[in-house]
Amino acid sequence: MPHSLLSLAERMPKAELHLHIEGSLEPELVFQLAERNQVKLAYADIDSLRAAYAFSNLQDFLDVYYAGMSVLLTEQDFFDLTWAYLTRVQQDNVVHVEIFFDPQAHLERGVGLDVQIGGIRRALEQGKRELGISFRLILSFLRHLSEDSALETLELAQPFAEQIDGFGLDSSERGHPPSKFARVFARCQQLGYKITVHAGEEGPPEYVWEALDLLKVDRIDHGNRALEDDALVRRLAADGLTLTVCPLSNLKLCVVDDLRQHPILRMLDLGLKATVNSDDPAYFGGYIGDNYRALIEHLPLTREQLYQLGRNAFEGAWLDEPSKQRHLQRLEQVFAETSN
Ligand SMILES: Nc1ncnc2[nH]cnc12
Ligand SMILES: [Zn+2]
């Protein structure tokens, strides 16, 4: 076992660019919040909830994910959720996070944007002050809902314009191509926001083309199936587009059968800017550090590739240039300290 690589992966400063905050809701917190808010759960206890975390595809997971988040009702709930995530990833030496939230999933339960954004941002601000973790907040539209619903949500978000850093697109991919959301993302772009969408997780390479050409995205979330199309790979490489790859998520949702077959090293070889992320760590068996560890344990990852993955995350982050350079220098320093 490449022990020195594991300890280097542990110690390196990290940025996480693909994290659904509702996907960091651990079963223990689900039950705690259910009790606090008098919400009735379909599961008798923590173990039976955990037992439901066996998925054969994305939709299987999403059904459990939306049920789990039904306990999130108050500003304090959103704070507690986000604070739990931040204190957990500080142990993995995460220094910057860009997190998604799914406002439509809470609005339809009568939970306002003020409650959602207020709680999440209060934790993020405290994390910046007390844990030294900088952040960006990304509002993600649900692609199984209509574009009109996304447009309405964008309107509702206008009073919080300064508290949102970008827009995303997630949920059930098949049958809901990026082209369905061309108008709403054109509006986001007009307003000056960054854009990143889930594409090529289960959906075909055409969805990745649409994300690039129609939505003019700044990043692609997942992107695994882009590898089926050589011209698309060349385009992603030429544009230097960051892919936010999620190894343990891919395993749990059967995007890959075995981590030994995970394409992340092939992505790097093809010149793609792949990064390592956890997606929904409470559901997929691990946080960002666990994802790095799983890659090292299952793939012939070299020290140079580990460095490249770490570097890609800071380069693809929506940070100002001096901050990026500061993080990159620190990353380089940690690697230099253990050169052999
Ligand atoms: N991996 C994923 N794909 C699509 N939508 C999601 N929502 C939360 N996690 C997701
Ligand atoms: Zn995701």
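If you look the protein up in an unreviewed UniProt entry, it shows as Adenine deaminase from Halopseudomonas phragmitis. Per UniProt, the comment on the protein under Sequence similarities (unreviewed entry) is "Belongs to the metallo-dependent hydrolases superfamily. Adenosine and AMP deaminases family. Adenine deaminase type 2 subfamily." Word for word, the UniProt comment on the protein under Catalytic activity (unreviewed entry) is "adenine + H2O + H(+) = hypoxanthine + NH4(+)".

## Considering the overall build of the protein
Along the protein, the regular secondary structure elements total 17 helices and 8 strands. Considered along the principal axes of its C-alpha atoms, the protein spans approximately 55 × 40 × 40 Å. Long-range pairs, those at least 24 residues apart, make up 75% of the contacts in the protein between residues at least 6 apart in sequence.

## A short note on helix 9 (residues 182-190)
Among the residues of helix 9, those classed as buried are V184, F185 and C188. One side of helix 9 holds all its buried residues, which, seen down the axis, span an arc of 95°. Lining the buried residues of helix 9 we find strand 3 (134-142), helix 8 (147-156), strand 4 (166-170) and strand 5 (194-199). Trailing helix 9 by a residue or two, G192 shows a phi angle of about 90°, which is positive.

## Observations regarding the packing of helix 8 against helix 9
Running from amino to carboxyl end, helix 8 crosses helix 9 at an angle of 20°, the nearest separation of the two axes being 8 Å. Between helix 8 and helix 9, the interaxial angle falls into the category roughly parallel. The residues of helix 9 that touch helix 8, namely those facing E147, A150, L151 and L154, are R183, V184, R187 and C188. Tallied by class, residues from the contact of helix 8 with helix 9 come to 5 nonpolar, no polar and 3 charged.

## Notes on the UniProt feature "active site" (unreviewed entry) in the protein
Residues annotated in UniProt with the feature "active site" (unreviewed entry) correspond here to E201. Relative to the helices and strands, E201 is located in the loop between strand 5 and helix 10 (205-213). On the basis of neighbour count, E201 is assigned to the buried category, with 23 C-beta atoms found within 10 Å. With sequence-adjacent residues up to four places away left out, E201 is seen in contact with L58, E173, H222, N224 and V255.

## Concerning the sheet that holds strand 7 (residues 242-245)
With respect to topology, 8 strands assemble into an open sheet ordered 1-2-3-4-5-6-7-8, the strand pairing being parallel. Of all the strands in the sheet, just strand 1 (14-20) and strand 8 (273-276) have a single pairing partner and so form its edges. Pairwise comparison of adjacent strand axes, ignoring direction, gives a mean angle of 25° for this sheet. Note that strand 1 and strand 2 (residues 94-101) share 5 bridges and pair parallel. Considered in strand 2, the bridge of L19 is made with I99. Contacts from helix 9 reach strand 3, strand 4 and strand 5, with the element oriented near 150° to strand 5. Strands strand 1, strand 6 (219-222), strand 7 and strand 8 of the sheet are contacted by helix 16 (residues 303-316), whose axis makes an angle of about 100° with strand 8.

About the thresholds
Residues numbered from 1 in each chain as written. Chains lettered and ligands numbered in written order. Predicted model: local features only at pLDDT ≥ 70, side-chain atom pairs only at ≥ 80, totals over all residues. UniProt positions renumbered as here; feature names shortened; annotations may be inferred. Helix = DSSP H or I, 4+ residues; strand = E, 2+ residues; numbered from the N terminus. Contact = placed C-beta atoms within 7 Å. Buried ≥ 20, exposed ≤ 12 C-beta atoms within 10 Å, placed from the backbone. Arc of directions from axis to C-beta. Axes fitted to C-alpha atoms, helices over the stretch in contact; angles between N-to-C directions. Parallel < 35°, antiparallel > 145°, perpendicular 65-115°, else oblique. Nonpolar A, V, L, I, M, F, W, Y, C, P; charged D, E, K, R; others polar. Pairing = 2+ DSSP bridges.

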